[in-house]
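# Summary of the model geometry
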Amino acid sequence: MNKVLGQLKFYRKEAVLAPLFKLLEATFELFVPLVMAAIVDNGIATGNKAYILKQGLLLIFLGVIGLCASLTAQFFAAKAAVGVATRLRHEMFSHIQSFSFTDIDRIGTSTLITRITSDINQVQNGVNMVLRLLLRSPFIVGGACIMALLIDVKASLIFLIIIPALTIVVCVIMKITIPLYKKVQMRLDELTGNTRENVAGVRVIRAFNNEQIQVNEFDANNEALSSIQVFVGKISGLMNPLTYLIVNAGIAVLIYKGALYIDSGRLTQGQVIALINYMSQILVELIKLANLIVTVTKAVACANRVEEVFNVTTDDLPDRANIKETTDNPDEFKVKESENDDKYIEFENVCLTYEGSSDEALSDISFSVKKGQTVGIIGGTGCGKTSLVHLIPGFYKATKGTVRIGGVDVKQWNMEKLREKVGIVMQKAVLFSGTIKENLLWGSDDNTDRQLWEWLDISQSKEFVEGKNGQLEASVNAGGKNFSGGQRQRLTIARALARKPQILILDDSSSALDYATDAKLRTQINALENMTVFIVSQRTSSISNADMIIVLDDGKIAGIGKHEELLDTCPLYKEIHMTQVSDIG
Amino acid sequence: MNNSKIKSKKESNKELKNNTIKSVLHLIGKHKIHAALSLLFALLTVAFTLYVPILTGKSIDYMIEGDTDWKNIKKIIITIAVLVVLTIILQWIMNVINTKMTYAVVKDIRAKAIRKLQNVPLSYLDTQTQGDLVSRVIADVDQFADGLLLGFAQFFTGVMTIIGTLLFMISINIKITLVVVLVTPLSFFVASFISKKTYSMFTKATLKRGEQTGFIDEMIGNLKVVKAYTHEDEAIKQFDKLNDDLAKYSLKALFYSSLTNPSTRFVNGLVYAGVGVFGAILIVTTGGVGLTVGQLSSFLSYANQYTKPFNEISSVITELQNAIACAQRIFEFLEAPEIEKDLPDAITLSEAKGDVTFDDVSFSYLPEQRLIEHFNLDVKAGSRIAIVGPTGCGKTTLINLLMRFYDPVEGRILIDGHENNHITMQSLRHSFGMVLQETWLKNATVRENIAMGKPDATDEEIIAAAKAAHSHSFIKRLPKGYDTLIGEELGGLSQGQKQLLSITRVMLCLPPMLILDEATSSIDTITERRIQKAFLKLMEGRTSFVVAHRLSTIKESDVILVMKDGNVIEQGSHDELIVQKGFYYNLYNSQFN
């Protein structure tokens with residue numbers, strides 16, 4: 001809640017004025033029954049028409065002032081609520097941008113998206129309602145009670161019983177139903193997942209004739225949801241009847257007492273009317289208050305979910321102790337980098353254990369790469385190939401050992417500086433909505449159109465981009481859905497090249513390409529000078545020309561060397577190679 | 001001409017709406033008695049509730065200093081007590097009936113929807129987005145229930161309250177009632193003015209919000225790429241621009257929408273003042289004959305609550321409109337055409353031999369787009385057919401046709417000499433084992449996922465299948481082994497492991513025919529080679545269709561179909577095709593250069 005309330009500080013004026021004007025309006029509203037009592041007791045009793053008209057004008061006047069006060073309050077409340085939500089969205093989006101890969105893995109992107117969209121919306125609603133109603137409703141309830149006591153203490157004692165009784169009823173019902181509503185939401189989420197599963201898996205479900213099983217599962221969830229909804233409905237349906245009962249019991253008592261006191265001349269008719277009036281006002285406000293509490297509980301739950309995101313402290317920054325080295329003395333790198341061309345990239349006894357996992361994804365990896373070399377990485381599914389290359393741009397930090405780029409520990413690098421050096425093509429080819437050109441410029445803004453065409457040429461995308469309407473300006477849908485998998489892969493390669501990187505990482509990025517295209521792509525990339533290239537692949541043919549090949553097996557190095565050497569020394573490599581070559585015959 | 005077009009569109013829209021309402025009524029029809037009871041109880045509740053202020057007013061007239069009519073006051077208090085107790089009982093029963101009815105209808109619709117989902121043709125599903133379908137079944141149904149059923153109850157109560165109030169007021173005094181009625185249009189005017197303003201602002205805000213959500217989806221959904229390209233600052237800049245725009249529209253939308261309550265409260269205040277002043281003057285001028293103080297107090301009670309039902313009705317009306325739109329979307333789906341039922345003479349394919357014939361088959365997804373034309377193929381039982389070709393060449397289409405996910409536009413497909421639409425769908429699909437490139441696992445345990453094709457499989461059978469598919473060793477290492485829950489989105493499993501599980505599924509069923517669509521594309525070559533051996537054993541004596549782009553895996557096939565742009569351009573064994581030196585020859589050689 002701290003972060004959320006903290007944003008309210010920027011709207012202190014609005015946050016104070018909104019409830020204040022609301023109270024003003026409420027105060028005017030509380031006077032209305034008194035004025036009416038005066039009309040009855042003084043105006044009617046004495047037959048004074050002028051007095052009646054005067055009091056009538058007073059009523060209208062109270063209404064107009066009330067309206068003005070309330071409009072002012074609504075405006076300030078809306079301004080504060082929208083302002084808080086806008087600031088929160090900005091803060092959260094910026095905060096999320098600073099997350100490390102480990103944070104992203106742990107939290108998951110879909111929940112982040114819900115929190116920055118619908119949760120913050122709920123917070124906006126909550127802030128708005130709280131500013132408008134949280135003070136007003138109790139104020140009117142309490143105020144009505146005080147006004148009644150002012151009219152006559154003895155006649156109004158019933159208020160002191162009714163109000164706690166109403167409060168108890170409302171609280172008990174809400175206490176029971178709010179957790180139940182959470183359960184309803186959980187059940188509904190389950191059903192949603194169920195439905196999504198049925199749409200996504202329709203081919204497999206039908207292929208295995210599993211339709212009936214799926215329907216049965218859905219029915220069970222559907223039934224469970226429905227029955228809990230009915231149960232909640234029955235309980236929350238008690239609220240209106242019970243409050244109605246209590247208030248009318250109060251009115252019955254008022255009638256009796258009123259009759260008693262009027263009979264003895266202690267009260268006037270107008271005063272009794274006013275008392276009954278106050279009683280009805282309390283009912284209306286309490287129901288509003290109950291609705292408000294529902295909104296506020298929702299908003300608080302959402303605010304807590306929002307807060308959780310802010311509580312994530314990210315490690316995607318260089319170690320605090322070493323920050324000086326990177327920021328104060330940037331020249332130091334250049335010296336080190338040029339001196340260490342032979343050990344441009346160095347892994348020293350590197351181990352990596354992902355958060356929440358007990359096994360090491362990489363164990364004891366040591367090797368060094370000269371500047372400009374091409375490195376191939378090969379191994380079975382899940383052997384740690386991707387994990388290894390993700391250590392280079394510091395996506396993950398080694399849990400043991402050291403990764404050095406240009407002689408400097410990755411943990412000490414300024415991440416932005418480090419990543420500017422690296423162009424990485426990930427397994428999943430992601431494009432963003434916009435144009436082809438905009439996507440390529442993600443690599444680096446300082447590319448001319450001519451250069452962009454060059455990258456497209458190298459990545460074997462020139463041909464199909466030329467065929468597109470608008471060419472470089474051709475539009476790309478979200479996720480690149482209007483391109484085939486192979487085209488997307490090639491465009492992401494072009495994007496990496498447009499970064500003009502010193503280190504290029506291709507993580508199994510030609511899996512959707514046919515052999516001919518893949519071969520052409522590799523030849524052209526080999527021709528690029530001064531670039532240290534990592535190629536992750538499952539085919540030995542893709543990496544056989546590399547200066548160095550690292551063979552991984554279950555997170556450990558099974559062999560390092562050139563293609564020919566490995567065929568002699570590394571049985572695993574030989575097996576991989578033979579499985580692919582023996583078929584060729 | 002344009003005009004008539006618009007008109008006809010409007011008419012068809014109206015017709016759609018009418019149809020929707022008919023469908024809704026049909027759904028409620030099941031609960032006719034409950035619906036009638038609910039309406040009756042609503043009517044009684046309203047009447048009783050409105051009668052209480054009259055009683056209260058009367059009681060005030062009996063209160064006179066020194067001359068109070070105790071007998072009547074006691075009678076009134078007892079009547080109020082009885083009415084209130086009756087009211088709360090009726091109200092609660094009505095609430096329960098409404099809740100039960102609403103959720104029963106919701107449950108019904110969802111149950112229908114899920115059944116529909118299993119029965120619509122894939123040609124329908126493939127043109128829908130997943131999100132849209134899910135929101136029809138979940139969000140739309142909810143909105144429909146809230147708006148149409150609960151909303152209708154509110155609407156009905158609101159209208160009854162207005163009519164009842166007017167009737168009760170007229171019964172007391174027509175002149176003062178006129179005062180109230182004259183102010184009514186003002187209340188309508190204010191409400192409609194505000195809702196118009198609010199609506200247009202909300203539309204704008206919603207549009208912006210949608211734009212921003214799209215942006216968030218992309219940038220946070222692909223945060224890893226954003227970070228890899230140090231695009232964070234740029235993203236924040238673009239986000240802030242959208243955020244500021246949204247703030248502008250949201251503020252207006254929120255402010256306008258919050259005008260409703262104060263404004264109607266003000267109108268209510270006017271009504272109240274009007275009734276008070278005119279009533280008081282009437283009492284004074286007629287000397288209490290035209291109106292008594294007690295009656296005035298009844299009037300004031302009504303006046304106090306007078307705009308409330310108007311408010312409710314106007315908010316319910318927008319909800320009702322939304323609900324009808326939602327209902328339209330739901331029924332559109334529920335009334336979508338279904339796949340044809342098995343023909344009455346359909347045979348059950350129990351032990352298929354595996355002869356497959358494509359007889360002059362033509363097919364296309366869109367009528368104007370030609371795909372497969374006059375395709376002929378004769379596959380002897382037990383042979384291996386490989387399908388190769390560039391992406392989008394129609395490889396997957398053949399699978400769609402074999403599994404009857406789609407039916408040919410022209411021509412026939414024969415299995416063991418029977419036209420495949422004369423075979424029961426269930427037995428046809430049971431005869432095929434399919435592994436797709438896009439693996440799909442359901443939200444269930446590993447065991448349940450493997451046993452999809454054979455729910456009664458024993459543990460031994462499942463483990464044997466897993467061993468054959470080389471998935472046993474990694475399953476063993478999962479936290480709860482075969483009882484580990486996996487989900488479509490939960491992740492945890494690599495693409496390769498998911499593929500291994502889908503292969504295990506097929507290994508368990510041992511169907512007479514196999515379809516492997518890039519079944520091993522995400523599996524490393526060593527494991528792949530082991531699986532290939534298992535597949536080879538599995539394929540012995542079984543007709544199999546294998547799609548692959550690793551040509552090494554298909555060389556030994558009996559027939560290789562080379563497809564391009566929907567057509568089979570070459571057909572023959574590996575050696576024959578190499579000799580032909582055509583497309584296949586080039587494709588094959590390209591992987592070694």
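Residues numbered from 1 in each chain as written. Chains lettered and ligands numbered in written order. Predicted model: local features only at pLDDT ≥ 70, side-chain atom pairs only at ≥ 80, totals over all residues.

## Some details on the overall build of chain B
What chain B contains, in helices and strands, is 20 helices and 12 strands. Taken over C-alpha atoms, the radius of gyration comes to 36 Å for chain B, far larger than the 25 Å a tight globule of 593 residues would show. Once the C-alpha set of chain B is aligned to its principal axes, its extents read approximately 120 × 60 × 55 Å. The proportion of buried residues among the 593 residues of chain B is 44%. Partitioning the contacts of chain B with sequence separation of at least 6, the portion at a separation of at least 24 is 79%. (Helix = DSSP H or I, 4+ residues; strand = E, 2+ residues; numbered from the N terminus. Rg over C-alpha atoms; globule rule 2.2 N^0.38 Å. Buried ≥ 20, exposed ≤ 12 C-beta atoms within 10 Å, placed from the backbone. Contact = placed C-beta atoms within 7 Å.)

## Examining the sheet that holds strand β2 (residues 372-379) of chain B
Residues and elements named next belong to chain B. Pairing in this open sheet of four strands is antiparallel, and the strands run β2-β1-β4-β5 from one edge to the other. The sheet is open, and its two edges are formed by β2 and β5 (418-419), each paired on a single side. Across five bridges, strand β1 (residues 356-363) lies against strand β4 (residues 410-415) in antiparallel orientation. Counterpart to S362 in the pairing with β4 is E410. (Pairing = 2+ DSSP bridges.)

## Focus on helix α11 (residues 307-334) of chain B
In a regular helix each residue adds 1.5 Å, so 28 residues correspond to 40 Å; α11 of chain B covers 40 Å between its end C-alpha atoms and thus fits that length. Residues of α11 of chain B that are buried include every one of T307, P309, F310, V316, A323, C326, A327, I330, F331 and F333 of chain B, and no others. (Expected span 1.5 Å × (residues − 1).)

## Some remarks on the domain arrangement of chain A
All names here are of chain A. In terms of domains, chain A is made up of domain 1 (1-151 + 297-316), domain 2 (153-266) and domain 3 (375-393 + 415-581). Centre-to-centre separation of domain 1 and domain 2, based on C-alpha positions: 24 Å. At the interface, six residues of domain 1 touch five residues of domain 2. It is helix α6 (residues 136-151) that contributes the most residues to the side of domain 1 that touches domain 2, five residues altogether. (Domains from an automatic or database assignment.)

## A look at helix α9 (residues 211-236) of chain A
Counted at 1.5 Å a residue, the expected span for α9 of chain A with its 26 residues is 38 Å, and the 37 Å between its end C-alpha atoms agrees. If you check which residues of α9 of chain A are buried, you get Q214, F218, N221, N222, L225, S226, Q229, V232, G233 and S236 of chain A. On its buried side, α9 of chain A packs onto α7 (157-200), α8 (202-207) and α10 (239-263) of chain A together with α3 (70-119) of chain B.

## Thoughts on the domain arrangement of chain B
All names here are of chain B. Segmenting chain B into domains produces domain 1 (10-172 + 313-339) and domain 2 (174-290). Facing five residues of domain 1, the contacting portion of domain 2 comprises five residues. Sorting the residues of the side of domain 1 that touches domain 2 by element identifies α5 (130-172) and α11 as the ones contributing at least two each. Here the side of domain 1 that touches domain 2 gets three residues from one element, more than from any other, and that element is α5. Residue classes in the side of domain 1 that touches domain 2 are distributed as three nonpolar, two polar and no charged. (Nonpolar A, V, L, I, M, F, W, Y, C, P; charged D, E, K, R; others polar.)

## Thoughts on the interface of chain B and chain A
Contacts between the two partners involve 118 residues from chain B, matched on the other side by 118 residues from chain A. Sort the elements by how many residues they give to the side of chain B that touches chain A and α3 of chain B lands first, with 23 residues. The class makeup of the residues in the side of chain B that touches chain A is 63 nonpolar, 39 polar and 16 charged.

## Details of the confidence of the model for chain A
Should the pLDDT be low somewhere, the predicted coordinates at that spot are not to be read in detail. When pLDDT is averaged along chain A, the result is 82; 93% of the residues meet or exceed 70. In this model residues 318-336 of chain A is a low-confidence stretch, pLDDT under 50, and it forms 20 contacts with partners more than four residues away in sequence or in other chains. (pLDDT = per-residue confidence, 0-100.)

## Overview of the pairing of strand β3 (residues 384-388) of chain B
Residue and element names in this part refer to chain B. Most of β3 sits inside the fold, with five of its five residues counted as buried. The two faces of β3 match: R384, A386 and V388 on one face and I385 and I387 on the other face are all buried. Bridge count between β3 and strand β10 (residues 543-547): four bridges; the pairing is parallel. Along β10, the bridge assignment pairs I387 with V547. Pairing geometry for β3 and strand β11 (residues 559-564), over four bridges, is parallel. Counted as the bridge partner of I385 is V559 from β11.

## Looking at the packing of helix α2 (residues 12-46) of chain A against α6 of chain A
Residues and elements named next belong to chain A. Two elements in contact, α2 and α6, have axes separated by 10 Å at closest approach and are oriented at 30°. On the basis of their axis angle, the class for α2 and α6 is roughly parallel. At the point where α2 passes α6, the crossing takes the right-handed sense. Contacts between α2 and α6 involve K22, L23, A26, E29, L30 and L34 from the former and R136, F139, I140, G143, A144 and M147 from the latter. Each residue belonging to the contact of α2 with α6 can be placed in one class, and the counts come to eight nonpolar, one polar and three charged. (Axes fitted to C-alpha atoms, helices over the stretch in contact; angles between N-to-C directions. Parallel < 35°, antiparallel > 145°, perpendicular 65-115°, else oblique. Left-handed = near helix turned anticlockwise from the far one by under 90°.)

## Things to note about the environment of A252 of chain A
Mapped onto the fold, A252 of chain A is located in helix α10. Given 22 C-beta atoms within 10 Å, A252 of chain A falls into the buried group. A sequence separation of 24 residues divides A252 of chain A from I276 of chain A, and the C-alpha atoms of the two residues are 9.5 Å apart. Excluding residues that lie within four positions of it along the chain, A252 of chain A makes contacts with I77, I80 and A81 of chain B.

## Some remarks on the sheet that holds strand β4 (residues 400-405) of chain A
Residue and element names in this part refer to chain A. A sheet is described by the order of its strands in space; here four strands give the open sequence β2-β1-β4-β5, paired in antiparallel fashion. Every other strand in the sheet has two partners, leaving β2 (362-369) and β5 (408-409) as the edge strands with one partner each. In terms of strand pairing, β4 meets β5 through two bridges, oriented antiparallel. From the neighbouring strand, R404 faces β5, where its bridge partner is D409.

## Describing the environment of D342 of chain A
Looking at where D342 of chain A falls in the secondary structure, it is placed in the loop between α13 (331-339) and β1 (345-352). By the C-beta count within 10 Å, which is 10 here, D342 of chain A ends up exposed.

## Brief notes about the confidence of the model for chain B
Residues and elements named next belong to chain B. Chain-level statistics for chain B give a pLDDT mean of 82 and a share of 92% at 70 or above. The element-level mean pLDDT for chain B is lowest in helix α1 (residues 2-29), coming to 66, with α3 highest at 90. Contacts of residues 1-7 to residues separated by more than four positions or lying in other chains number zero contacts, the stretch itself having pLDDT below 50. Two summary scores accompany this predicted model of the complex, namely pTM at 0.73 and ipTM at 0.81.

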